[in-house]
Each structure stands twice: as structure tokens, then as C-alpha cells.
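# Summary of the model geometry
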There are 6 protein chains.
Amino acid sequence: MVYLTRLEHFNAAHRLFNPEWSHEKNELVFGQCANENWHGHNYDLFVTIKGEPDKGTGFLMDVKKLSTIIKEQVTEKLDHKNLNLDVDFMKGQMCSTENLAVAIWNQLKTNLPGNIQLHSIKLYETARIYVEYFGE
Amino acid sequence: MVYLTRLEHFNAAHRLFNPEWSHEKNELVFGQCANENWHGHNYDLFVTIKGEPDKGTGFLMDVKKLSTIIKEQVTEKLDHKNLNLDVDFMKGQMCSTENLAVAIWNQLKTNLPGNIQLHSIKLYETARIYVEYFGE
Amino acid sequence: MVYLTRLEHFNAAHRLFNPEWSHEKNELVFGQCANENWHGHNYDLFVTIKGEPDKGTGFLMDVKKLSTIIKEQVTEKLDHKNLNLDVDFMKGQMCSTENLAVAIWNQLKTNLPGNIQLHSIKLYETARIYVEYFGE
Amino acid sequence: MVYLTRLEHFNAAHRLFNPEWSHEKNELVFGQCANENWHGHNYDLFVTIKGEPDKGTGFLMDVKKLSTIIKEQVTEKLDHKNLNLDVDFMKGQMCSTENLAVAIWNQLKTNLPGNIQLHSIKLYETARIYVEYFGE
Amino acid sequence: MVYLTRLEHFNAAHRLFNPEWSHEKNELVFGQCANENWHGHNYDLFVTIKGEPDKGTGFLMDVKKLSTIIKEQVTEKLDHKNLNLDVDFMKGQMCSTENLAVAIWNQLKTNLPGNIQLHSIKLYETARIYVEYFGE
Amino acid sequence: MVYLTRLEHFNAAHRLFNPEWSHEKNELVFGQCANENWHGHNYDLFVTIKGEPDKGTGFLMDVKKLSTIIKEQVTEKLDHKNLNLDVDFMKGQMCSTENLAVAIWNQLKTNLPGNIQLHSIKLYETARIYVEYFGE
């Protein structure tokens, strides 16, 4: 079994605030991340799949096809978007990196070829903060 | 003469649109960068100063003081902000990386110690795009 | 369960030598790392925690609080220090990256909130050498 | 138990084509990677070993010795080489990154000291594509 | 005047050998870089242009258009190619990074919009070696 | 004219303190950088030379020879050393990155082949601080 990872990028705006809380509590908990005018990030997304390489190609999966699936299912829906307002699969959720990583897992899980297992999502919000999700 | 560079970061939302143009022309020219719900970036800012090192310290300038000036004059006004809405020194300007680099130069130019010259601003919008300005 | 990682930095001097060995044996085993006048590194420290995100915030843990704990328990005690002479939790141990990673784990293990598990310490000594410890 | 990782580099030419297939099928499956005049990469190789640090040195293994073994068993046989033509341990295999990672594992597995376990091979083909192998 | 830089990538095979020299002299001068079976690299190409930002857009140049020009004039002719055999604008030249940087300059110099000046080509052969050319 | 840059590394301990000043003034000016037990860094050194490529090789200079000169004249004298105590060409100077960059320039200036000009020294003390010197 080998593991293959592809890095993709997207840039997005977001805001952390809980609509069930008061303005004051949002400020207290999220600080400047609650800015009502939004802020944003360059996200780095590492998608790792696993399985056995094909004898004929030597590939676990053609990395260009993996890239196309990630773009169609994930990054085209996130890139140059507002995570709180524009993304159907984030509706009703806090736009934390934790929740975004899990939502990206769910977008990809059912859209890979049958012989390929999704292993992990690794999502950098900044160069110093990242979240991983393994579907556990 | 030596050159000293300090890297600082900020995360911000922005949008590219010219209020004097129609919605259609903005879409045509700026594409997804015109998204009315904003998008955002992790910006990397390299500030370079030049001059002669002090004999007593061996420093051109204490890099912690340089960092403090950059934070007070620039990054605290940009970090976790909306460049179009929240930043006084970007008011009335297109929020391109080009204009932002020039505006950051102007913020710093008059706020450095007398023996220090500002040499350049280098501003990364993404890992693959950056703008430099030398005050020329 | 999600995994959240925070990167922190510290710069320190150290030296590899075993006080129970002769000068010659130390030279033979550690080479220039045994230099009696010390050498040093910029260390990159990745701390990974795991658990379930909070429903209200979407956070596993506020990454600023995680950063504060790492600074108070670890990096303020190591940054701009001599690992052999200045650090109470390295006393009596060889200052290898292996031992330092384990010692950092022990510093953090008992200082995290109750719902958070420490998952791993990843410590870069140089861009080409790193050690990981999972508490096993 | 601690994990120690060493990064090494090599530059090589390769080509993806299956000699049992027609020229057309190779073009269809591998596209420009099948270029009969070859192309190439700067490969980054991360080798991770695991075990218990030695009491006397604090080391899992002297990282210079690990580097020497990787060079002798792997990178000297790959660096500035053609993976399809020049490398005995890739003969008869597709030169995919997946197969190369497994072959590197096999080169190292039996050439480490007795108390050291090989944990993983992580091989970057480009900054955006890498393969991992854990010997499973 | 502002400077705008775009990073593009390409992967290629090459070989250093002078056809006017003996096999022995090529081996002596170029060592393993003369390997008759080729080797290769992931090249990082930084293209810097300069001029005045447009009032209407705030752009020196739409970076997507710059990227398209670089791809059409340069990287599509180099990516997954053999620099010695497949590239018309390198014919009859030694395939050193120095000569390649100058050739890329010549490809781009006459293919930029009239108000844009090409400022520099910066070409990384490996993470530790790069060449710059300013058209001087 | 082309510019060729080579990156080399060294790890060293140092301390900032002026022996003509009191302990208190050193503490006040240099803070934790004055720690009497030293601290240290992984330094990244970029050496840039310029000139015309040779017709026969396509090289400005064989980068391996450049690397050898840098090692012999600079990094072997700095790597795993104490900059204040072990380095003859830093004797009597404050061990700031500014002074170290100038000293490295002086070490290299007179040790390059006659047709090669030294263009610049770029010295990273940390990933966020660097100094450049052009011999002006």
C-alpha cells in the first residue's frame, strides 16, 4: 500500500462568528477573527489517498485526475469565495479550519474511484497553523 | 552600506472592482477577483531598510524596533481587516497588490529614524505573485 | 476527531558531550558538535493536539491559547538560551534533538485543557533533520 | 520510541512508458510524461527511522551515519542518472514515484543497524506531489 | 514604477556536454552532469516586469495574462521536454542555467505589451542554485 | 552579464554584547541576545557572483568550484563554531548579522577567479531577518 498526496491552493474570505451569540460574546471569543467586514487566507490543501499501485502504469492514481477531482469537488467551490456566504457545503457551520477540513473530506470521500481510499486532509490556514482529518 | 530586511505577515479580505465601471465590466476585467462577497489572502511583507551599521551595536537598526514600527504603521491596520472597507490609507484606491505596496511604502517612509533609509517593499499576495516598490 | 498543529520557533545554543566520557571519546563520537565553545540552531517546533471540535466555536482549541501555553511551558524557557546550561527540564540529559523532543512533550502533556490530547511533537534542528515523538 | 527523519536530494531524468503497450496507448495514458527524449525532476527524499535513543549519546542514530547509508544505498545510484536506464534496482519496473518510493524502501530496509527500524519513505517528485511508503 | 513578479514551473531533462570536445574532456569538465543518458530538474522561473500601474485597474499588468504569455512563449516549450533535443530556442547552445535564463529573456522580451518592460529572469535549477539575468 | 547565486548553510552560537559597556547597558540594548551563556542560529548564506558565461561551458563559473571556495573561505570557519570566540575574521567586532555579512564579503572578495566579480552577500539569521551587502 502506498500513499499519494497532491497539494492544491485556494484563496478565500471568512469570518468567525456564532449567530446564536451576542456581538459581545463573538468579539470576546473570536477577537479580530469576528471582524464583520471579513478577512481571508491563502489556504494550502494536501489531499492524501492510499491503495495499491496499478501494475501497468505504476500509479496509485493518475495525479492529474486526482487534481481534477479536487478542483471540481472542492477548490473551484472555495477559491476566491466567501466561505460563510458562497459555499453550499459550509452552510450552517462555523467556518473554522477544523470544520472546513472535515467538510472537504466529505466532498471527496464519495467522489474517488472505487479502488482508492481517501486517507487524510491536511489544511493550512497560515504557514503556522494546520488541521488534519483522517475520517475517524 | 548594508541592507536589513524584516518579514511580517497579515491576513486580509479584499475585492477588485472599480466603482466607476459597470458590474459587467468589473466581471470582465477582474473575473472572480470581483466577487462581491470578497475573498482574501495571507500576505507576506518584506521591508528593507539601508544605511551604515552603528559602531557600538553592530546594528543598522534594532530589528525589534523595526518590527514594532511595521506593526504600528502597517500590519495592525491591515491584519484581519477588509482592505477595501477598513483601511484608511487605501480609501479611494483599487486594492491591487501594486497599490497596496506603494501605500505601505508611504506609511513607513516618514516613520523611520533619521539615519535609516527605506529601500524597498516586497509584498507577496500568493506564493507565486509578488510586487516590489523602491519609491521611484 | 481532528488534529490541530501550531508551529513555534526558538533559537538556542547547545553542545553534545557526555561528561562521563573523556574529551577524546566525545570528539570521536560527536565531532564538531562537541565544540566546547558551543554552536546553535533555529529550531522549528510543531505541536499537534487532537480531539473533537467544539460545536459553538468550531475549534478544537483556540490556537492563540495553544500558542500561549507552548510559549509559557516551552519556548520562553528555550529561546535565546543555552540548552545545556539554562534549561531546568534538560538538566542531566544529553541535549540531542531526540531528548529535547521528549522533554518538550513532558512539558506540554500536563498543561493542556482536559478535553485535549497531545498527539505529537515534531522538532526541526535544521531544514534537513527532524525528530518526532508521540508519547509511546 | 522516537522517530528521526533525514532529507536528502537527487536530480534525475525519467520517462513513463510501458514497453508492452503501443506508442499510442503510452501517449494516451502518460501524455507528455511519455516524451521519448525524457524529462526530469529534483527529488526530495525524506527517510524516517524509529527506535529508542541511546543513553550515552541521546541519539537514535548518528544522523551523519544515516545520511551516509542513504547516499551509498540510494542517492548515489539515482543522482544525475536516468531512472529508466541507469538504475539497477528500477530495472523492469515503471519509473513512477510510487514504484521508486517502494524500491528505495527495499534498498534501505536491509542496510540499517540492527536496533533501528525503517519507518517510512516520503518522496517528493515536485513541490505539489509526493508519495509515502511504510512497508505495509 | 512598480515591479511585478510571477513564478512558473517546468520540469525538464538536460545534459551538459560540448560536442566540440572529446568524451574525456566533457567528463573532466562536467562530471556527472555529462551523463549521456541525461538527468533533469524541477525548474522554478521568476519573471519580473516593471512599469506604472494602470489607474483603472490598479494593475501593472493582469497577472493571469502575464502567466499566459510565459506559458505560451516559454514553459510550454520547456515543460516535460529535453532541453538539448526538444527546444528550438536552445539549439546550438550549451544547456547551462546561465544560457537558459538568457534564452528565456529573449523569448519574453518581444512578447510583452508595449507599456511593460521586462526587468529580470530568475531561474532556479535546484533549491540552492539560481541564475539571474537583467538584459545587460 | 549574468548573476549566479549559491546557497550554503552553517550553524553557529553567538552573543551580542559590547565589552566597553556595563552589564546593565548590554542587557538594556541587546536584551536576551546578550545572554552570557550564548544562543545560536542556522544561518543561510546566499553568495551572488556576476560576469559573462564562458562560451565553451555555458557557465559563469562551475558552481561546485564556487561552493568549494565558499566552504574553504567561509562556512568551514563558521559552522558549528562560536562566532565571538572561534572565528579569526570576526575578532574585535560585534557579532551582528550586519557585521558578519560584511566580513563574509571580505573573505570572498579576494578569493574568486579573476574574471568573476562578487556581487552580493545575503545572510539569513532567521527565516524573518536577513542582511544584504553589495560592497558599497
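We now turn to the structure provided with this report.

Turning chain B through 180° and shifting it by 0.0 Å along the axis lays it on chain A, with an RMSD of 0.0 Å. Accordingly, the operation relating the two chain copies is best matched by a two-fold axis. Interface residue correspondence from chain B to chain A reaches 100%, placing this contact among same-surface, isologous pairings.

The next point concerns the interface of chain B and chain A. Size of an interface, as often reported, equals the accessible area lost when the parts are brought together. Contacts between the two partners involve 20 residues from chain B and, on the opposite side, 20 residues from chain A. Both sides of the chain B and chain A interface together cover about 1,600 Å² of buried area, and 45% of this is carbon and sulfur. If you sort the residues of chain B by the area they bury against chain A, N37, N42 and H80 of chain B come out on top, with a joint share of 35%. Along the contact surface separating chain B from chain A lie 0 salt bridges. Our count for the chain B to chain A interface comes out at 17 residue pairs in polar contact (both at pLDDT 80 or more). For the side of chain B that touches chain A, the secondary-structure elements that each account for two or more residues are β1 (2-14), β2 (39-51), β3 (81-82) and β4 (117-126) of chain B.

Considering all chains together, one arrives at 48 aromatic pairs over all chains under this definition. With centroids separated by 5.6 Å and ring planes inclined at 85°, the aromatic side chains of F30 of chain A and F59 of chain C adopt a geometry described as edge-to-face. Of this pair, F30 of chain A sits in helix α1 (residues 23-30) while F59 of chain C sits in the loop between β2 (39-51) and α2 (63-78), placing the two residues on different chains. Ring centres of Y124 of chain E and Y130 of chain E lie 4.6 Å apart, and the angle between their planes is 45°; on these two criteria the pair is classed as tilted. Overall, the relative accessible area of 6% leaves Y130 of chain E in the buried class.

The next point concerns the environment of N99 of chain E. Structurally, the position occupied by N99 of chain E is in helix α3 (residues 97-109). In contact with N99 of chain E, not counting residues within four places along its chain, are M90, Q93 and M94 of chain E together with P53 and G58 of chain F.

Right, let's talk about helix α2 (residues 63-78) of chain F for a bit. Residue K71 of chain F marks the point of greatest curvature in α2 of chain F, where the axis turns by about 50°. Where α2 of chain F is concerned, the buried positions are V63, L66, S67, I69, I70, Q73, V74, T75 and L78 of chain F. Against β5 (129-133) of chain E together with β1 (2-14), β2 (39-51), β3 (81-82) and α3 (97-109) of chain F lie the buried residues of α2 of chain F. Between a side-chain oxygen at the N-terminus of α2 of chain F and the backbone nitrogen of K64 of chain F the separation is 2.9 Å; the capping residue is D62 of chain F. H80 of chain F lies just past α2 of chain F and shows a positive phi near 60°.

Residue and element names in this part refer to chain F. With their axes 9 Å apart at the nearest point, α2 and α3 run at an angle of 145° to one another. The chirality of how α2 crosses α3 is right-handed. Mapping the contact onto sequence places I69, I70, Q73, V74, K77 and L78 in α2 and L100, I104, Q107 and L108 in α3. In the contact of α2 with α3, the residues fall into 7 nonpolar, 2 polar and 1 charged.

Moving on: the pairing of strand β5 (residues 129-133) of chain B. Residue and element names in this part refer to chain B. In terms of residue burial, β5 counts as a mostly covered element, since 5 of its 5 residues are buried. Burial along β5 is two-sided: I129, V131 and Y133 and Y130 and E132, pointing in opposite directions, are all buried. Judged from the 5 bridges that link them, β4 and β5 form a sheet pairing that is antiparallel. Bridging across to β5, K122 finds its partner in E132.

Attention now moves to the environment of H80 of chain D. Here H80 of chain D lies in the loop between α2 (63-78) and β3 (81-82). C-alpha of H80 of chain D to C-alpha of F10 of chain D: the two residues are 70 residues apart in sequence and 7.1 Å apart in space. Discounting residues that sit within four places of it in the chain, H80 of chain D has contacts with N11 of chain D together with Q32, C33, N35, W38 and H39 of chain E. Among the polar contacts made by the side chain of H80 of chain D, one reaches the side chain of D79 of chain D at a distance of 3.2 Å.

Reading guide: rules and limits
- Residues numbered from 1 in each chain as written.
- Chains lettered and ligands numbered in written order.
- Predicted model: local features only at pLDDT ≥ 70, side-chain atom pairs only at ≥ 80, totals over all residues.
- Heavy atoms only, no water.
- Least-squares fit on C-alpha atoms with pLDDT ≥ 70 in both.
- Contact = heavy atoms within 4.5 Å.
- Buried area = accessible area lost by both parts, 1.4 Å probe.
- Salt bridge = Lys/Arg side-chain N within 4 Å of Asp/Glu carboxyl O.
- Polar contact = N/O pair within 3.5 Å; in protein donor to acceptor, adjacent residues only side chain to side chain.
- Helix = DSSP H or I, 4+ residues; strand = E, 2+ residues; numbered from the N terminus.
- Phe/Tyr/Trp six-rings, centres within 6.5 Å; stacked < 30°, edge-to-face > 60°.
- Buried < 20%, exposed > 50% of the residue type's maximum accessible area, 1.4 Å probe, protein only.
- Bend = angle between axes of the 7 residues up to and from the residue.
- Axes fitted to C-alpha atoms, helices over the stretch in contact; angles between N-to-C directions.
- Left-handed = near helix turned anticlockwise from the far one by under 90°.
- Nonpolar A, V, L, I, M, F, W, Y, C, P; charged D, E, K, R; others polar.
- Pairing = 2+ DSSP bridges.

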